[in-house]
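Below, each chain spelled out in residue letters.
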Amino acid sequence: MQVNWISLFLLTASTLSIGSGVYVFYKTGLKGRNYFALAFFSMGIWALTNSLELLTDPLPLKIFLTKLSYVGIVTSVPLLFFFTCSYTGRERYLELRWQLIVMLVPVLILFSAFTNELHFLQWVSYTIKDSIAGDVVIYGSGPGVFIIAFYSYMLLTVSYVFLIKHLTRNHRYYHKQLFLLLISLLIPWLLNITYITRINPYPEFDFAPVGLFFSSAIILVAILRYQLFTLLPQAKEILFDFIPDPIIVIDTRFVITDINPAAEKVIAGKNIVTQKIYDILPGIQIVEGLIPAAHLEYYYPGKGDDYWFFITISEIRSRDGELGGYLLLLHDITRRKMNEEILQKSENKLRELNASKDKFFSIIAHDLKNPFSNIINISRILEEDDEKMTQEERLHFIRLLSKVSRSSYELLENLLQWSRSQTDSLQYSPQEILLLDIFRRAYNDVKFYAANKNITIVFPEHAVGMVYGDPNLISVVFRNLLMNAVKFSYPGGQIELNYVTEEEYIILTVKDYGTGIQPEIRKNLFRLDYQTSRRGTANEQGTGLGLVLCKEFVEKNKGELWVESTEGKGSEFFVKLLKAELKT
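Residues numbered from 1 in each chain as written. Predicted model: local features only at pLDDT ≥ 70, side-chain atom pairs only at ≥ 80, totals over all residues. Heavy atoms only, no water.

Chemist: So what exactly am I meant to see when it comes to the overall build of the protein chain here?
Modeler: On a plain count of helices and strands, the protein chain comes out with 18 helices and 14 strands. Classification of the 584 residues of the protein chain by burial places 48% in the buried group. The contacts of the protein chain with a sequence gap of at least 6 include a subset with a gap of at least 24, amounting to 64%. Here the protein chain has roughly 30,100 Å² of accessible surface; of this, 59% comes from carbon and sulfur atoms. (Helix = DSSP H or I, 4+ residues; strand = E, 2+ residues; numbered from the N terminus. Buried < 20%, exposed > 50% of the residue type's maximum accessible area, 1.4 Å probe, protein only. Contact = heavy atoms within 4.5 Å. Areas by Shrake-Rupley, 256 points an atom, 1.4 Å probe, with all protein chains shown as cover.)

Set out below in structure tokens:
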């Protein structure tokens with residue numbers, strides 16, 4: 001046994017290589033650390049067997065150790081390939097079928113090496129030569145040597161492509177780490193090329209195991225100095241893979257360099273990498289000098305669902321303070337926003353209910369009290385002064401009593417209907433209704449009031465077609481609209497009932513040529529929390545409740561109600577109802 005510096009160097013390289021694998025396996029959270037550790041174990045075996053070969057003398061033992069070194073030679077590159085796939089997120093290549101395919105050639109070459117004497121596919125000859133490293137076996141390379149070399153470098157090339165793509169996607173703060181990793185994995189195989197091609201100064205000696213010493217040294221420096229396998233992988237593992245909130249990393253040019261799976265799912269998938277952040281999140285504001293971070297709420301219209309995010313924008317700086325980019329953490333607050341919207345709707349509904357309550361008590365306390373006071377007073381006058389009155393005076397008070405009574409009845413009817421609608425006790429029984437029946441019923445309900453003001457009501461006597469709705473509710477709507485038209489029409493005027501047929505709906509209209517409605521009143525005409533009641537052309541008193549009731553009843557019939565009016569020229573109310581043949 002002849003000890004020399006090269007054999008000792010190889011022993012040191014083997015120790016460092018295996019030590020690096022042990023450290024990575026037990027001390028880091030590296031993705032794919034099992035494969036990386038096994039790869040360095042394999043390269044350690046390669047260096048160890050080469051060292052032992054130099055320390056032994058018998059030729060058969062040297063040949064056996066060379067064969068044994070093939071365990072490390074044929075497995076180290078496939079293991080590095082599996083590590084690269086895991087490290088860069090290409091887990092599909094780690095499926096069993098892919099692993100069997102990748103390991104097929106290495107297993108065949110290993111079998112060929114141990115059975116070489118039967119076929120000489122690996123080595124065709126053995127020659128002993130004295131060298132600086134002692135007695136070295138010179139092997140005449142067979143086709144198997146070139147096959148495993150080509151295959152190994154092909155896998156290394158694919159691995160390097162994966163790693164380089166991964167490097168370009170990650171923030172440049174991590175580039176030194178990945179660059180050192182690439183160099184450390186490349187050194188042994190570059191030296192192995194010099195052995196295969198016989199271009200090194202000592203063609204009989206494979207310096208690839210020597211390169212393992214430098215690779216291991218680089219790995220240790222990268223671990224201790226640049227936190228290789230501790231900073232990037234764990235950050236990626238924790239922040240990018242496990243956090244359910246979308247995370248986006250952008251550089252100083254505001255180009256997206258990385259996203260986590262949650263962002264892929266919510267924001268358009270992986271294809272947003274390399275795009276400008278302003279193209280993906282329009283309107284977002286990012287400025288240098290965030291202290292310590294910027295916070296904003298952002299609405300994002302997704303493909304399927306819309307999202308609200310609370311975005312935290314933080315700067316990414318190197319140890320020397322250089323700005324490298326920004327990290328955006330998008331916390332989903334959609335549910336909170338939806339709850340806020342529900343609360344807002346509830347608050348608005350509560351305001352409306354309070355307004356309805358106030359309006360109700362106002363009507364009870366004032367609008368309903370006054371008419372009955374008038375009825376009582378007129379009745380007392382008729383009772384006490386009947387003998388003193390002339391026939392004309394008596395007729396005047398009777399007409400006045402009739403007018404007040406009708407007004408009170410109208411108010412009571414509306415109050416009853418409105419209270420039912422507010423307590424959901426109103427029956428809704430839709431059916432097919434003839435247009436002509438709607439017009440005739442409304443006309444019959446108000447013709448007496450119209451006659452008192454000498455107002456003519458016209459409607460199409462031969463109206464055709466049917467609408468679908470509740471006849472009682474629709475009757476209330478048109479009685480109120482027609483009473484409203486009579487109230488604000490001048491004596492001797494005219495009111496027109498008409499309709500227009502559309503594809504799915506029929507629009508019925510009530511048009512008068514009276515006082516019209518002021519714009520500021522018209523915009524709040526159907527709201528109970530605004531005072532919109534006015535006196536008619538004959539000083540008729542209103543409550544504003546009738547039109548609110550009309551709108552509720554029309555909408556209950558799946559229709560629409562609106563008004564067009566010009567002050568001093570009259571108003572036209574439109575009621576849009578579903579055609580009977582299109583009922584749903």
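Chemist: What is the right way to look at the sheet that holds strand 9 (residues 456-458) in this model?
Modeler: The strands making up a sheet are joined through hydrogen bonds of the backbone, oriented either antiparallel or parallel. If you walk across this open sheet you meet the 5 strands as 9-11-12-14-13, and the pairing is mixed. A single partner strand is all that each edge strand has here, and the edge strands are strand 9 and strand 13 (560-566). Going across the sheet, the axis of each strand differs from the next one's by a mean of 15 degrees, ignoring polarity. When strand 12 (residues 505-512) meets strand 14 (residues 570-578), the two strands line up antiparallel, connected through 7 bridges. Counterpart to K511 in the pairing with strand 14 is E572. In this fold helix 18 (residues 545-556) packs onto strand 13 and strand 14, with an angle of close to 140 degrees to the strand it touches most, strand 13. (Pairing = 2+ DSSP bridges. Axes fitted to C-alpha atoms, helices over the stretch in contact; angles between N-to-C directions.)

Chemist: Would you mind going over the packing of helix 15 (residues 435-452) against helix 16 (residues 471-487) with me for this structure?
Modeler: The axes of two packed helices give the description: the angle between them and the distance between them. At a closest axis distance of 9 Å, the pairing of helix 15 and helix 16 adopts a crossing angle of 40 degrees. Here helix 16 runs oblique to helix 15, going by the angle between their axes. The element helix 15 and its partner helix 16 pack so that their crossing is right-handed. Residues I438, R441, A442, Y443, D445, V446, Y449 and A450 of helix 15 lie in contact with helix 16, whose contacting residues are P471, N472, I474, S475, F478, R479, L482, M483 and V486. Grouping the constituent residues of the contact of helix 15 with helix 16 by class yields 12 nonpolar, 2 polar and 3 charged. (Parallel < 35°, antiparallel > 145°, perpendicular 65-115°, else oblique. Left-handed = near helix turned anticlockwise from the far one by under 90°. Nonpolar A, V, L, I, M, F, W, Y, C, P; charged D, E, K, R; others polar.)

Chemist: Honestly, empty space enclosed by the protein in this entry has me stumped. Any pointers?
Modeler: One simple way to see leftover space: roll a probe sized like a water molecule over the atoms. Tallying each qualifying case throughout the model produces 2 cavities of 30 Å³ or more. The volume enclosed by the second largest cavity comes to roughly 40 Å³. Around the second largest cavity, the lining residues are N484, F488, D512, T515, G516, I517, R534, S571 and F573. Broken down by class, the residue content of the lining of the second largest cavity amounts to 3 nonpolar, 4 polar and 2 charged. (1 Å grid on protein atoms, 1.4 Å probe; cavity = no way out; pocket = protein on both sides within 12 Å on 5 of 7 lines; lining within 4 Å. Points joined across faces, edges and corners; volume = space filled by probe spheres on them.)

Chemist: What is the right way to look at helix 15 in this model?
Modeler: Each α-helix winds once per 3.6 residues, and so residues spaced three or four apart point in a common direction. Taking 1.5 Å of rise per residue, the 18 residues of helix 15 would be expected to cover 26 Å, and the 26 Å separating its terminal C-alpha atoms lies within 8% of that figure. L435, L436, I438, F439, A442, V446 and A450 are the residues of helix 15 that are buried. Buried residues in helix 15 make contact with strand 8 (431-434), strand 9, strand 10 (466-469), helix 16, strand 11 (494-501) and strand 12. In the segment just after helix 15, N454 is the residue with positive phi, at about 60 degrees. (Expected span 1.5 Å × (residues − 1).)

Chemist: Got a minute to help me understand the environment of L323 in this structure?
Modeler: Along the chain, L323 falls in strand 7 (residues 323-332). Overall, L323 belongs to the buried group, its relative accessible area being 12%. L323 sits 71 residues away from T252 along the chain, and the two C-alpha atoms are 7.5 Å apart.

Chemist: What am I meant to see in unusual backbone geometry here?
Modeler: Backbone geometry follows two general trends: most residues other than glycine have a negative phi, and most peptide bonds adopt the trans configuration. The phi dihedral of F254 is positive, around 65 degrees, even though this residue is not glycine. Checked against the element boundaries, F254 lands in the loop between strand 3 (247-251) and strand 4 (256-259).

Chemist: Help me out: how do you make sense of a nonpolar patch on the surface in this one?
Modeler: A grouping of I18, V22, F25 and Y26 is seen on the molecular surface, where their side chains present a nonpolar patch of about 360 Å² in accessible area. Along the chain, I18 falls in helix 1 (residues 5-27). Taking the relative accessible area as the measure of exposure, I18 reaches 32% and is therefore partly exposed. (Patch = residues over 30% accessible without salt bridge, like charges linked within 9 Å, V, L, I, M, F, W, Y side chains within 5 Å. Salt bridge = Lys/Arg side-chain N within 4 Å of Asp/Glu carboxyl O.)

Chemist: How do you make sense of the packing of aromatic side chains when you look at a structure like this?
Modeler: How two aromatic rings sit relative to each other is given by the distance of their centres and the angle of their planes. Counted under the stated rule, the structure contains 20 aromatic pairs. Relative to W98, the ring of Y93 has its centre 5.1 Å away and its plane inclined at 80 degrees; by these criteria the two rings are edge-to-face. The exposure class assigned to Y93 is buried, which follows from its relative accessible area of 16%. Ring centres of F439 and Y499 lie 6.4 Å apart, and the angle between their planes is 35 degrees; this geometry places the pair in the tilted category. Taken as a pair, F439 in helix 15 and Y499 in strand 11 lie far apart in primary sequence, 60 residues in all. In this structure Y499 comes out as buried when scored by relative accessible area, which is 19%. In textbook terms, an aromatic cluster arises when at least three aromatic residues are bridged by ring pairs, as seen for Y35, F81, F82, Y93, W98 and F162. (Phe/Tyr/Trp six-rings, centres within 6.5 Å; stacked < 30°, edge-to-face > 60°.)

Chemist: Explain the pattern of salt bridges to me, please; I cannot follow it from the model alone.
Modeler: Between side chains of opposite charge, a pair can form as their charged atoms come close. In the structure shown here, the tally under the stated rule is 10 salt bridges. The shortest N-O distance in the salt bridge between R336 and E340 comes to 3.3 Å. With a gap of 4 residues between them, R336 and E340 both fall in helix 12 (residues 334-367), about one helical turn apart. With relative accessibility at 37%, the residue R336 sits in the partly exposed group. With its nearest N and O atoms 3.6 Å apart, the salt bridge here joins E341 to K345. Of this pair, E341 and K345 both sit in helix 12, separated by 4 residues, roughly a single helical turn. You can call E341 partly exposed: its relative accessible area is 46%. Its relative accessible area of 55% is what places K345 among the exposed residues. The structure contains a network of salt bridges with shared partners spanning E297, R336, K337 and E340.

Chemist: Any chance you could explain the pairing of strand 13 here in plain terms?
Modeler: It is a general feature of regular strands that their side chains alternate between the two faces of the sheet. The side-chain alternation of strand 13 yields one buried face, formed by L561, V563 and S565, and one unburied face, formed by E560, W562, E564 and T566. Joining the antiparallel neighbours strand 13 and strand 14 is a turn of 3 residues, in which G568 adopts a positive phi near 90 degrees.

Any link to function would need more than the numbers given here.
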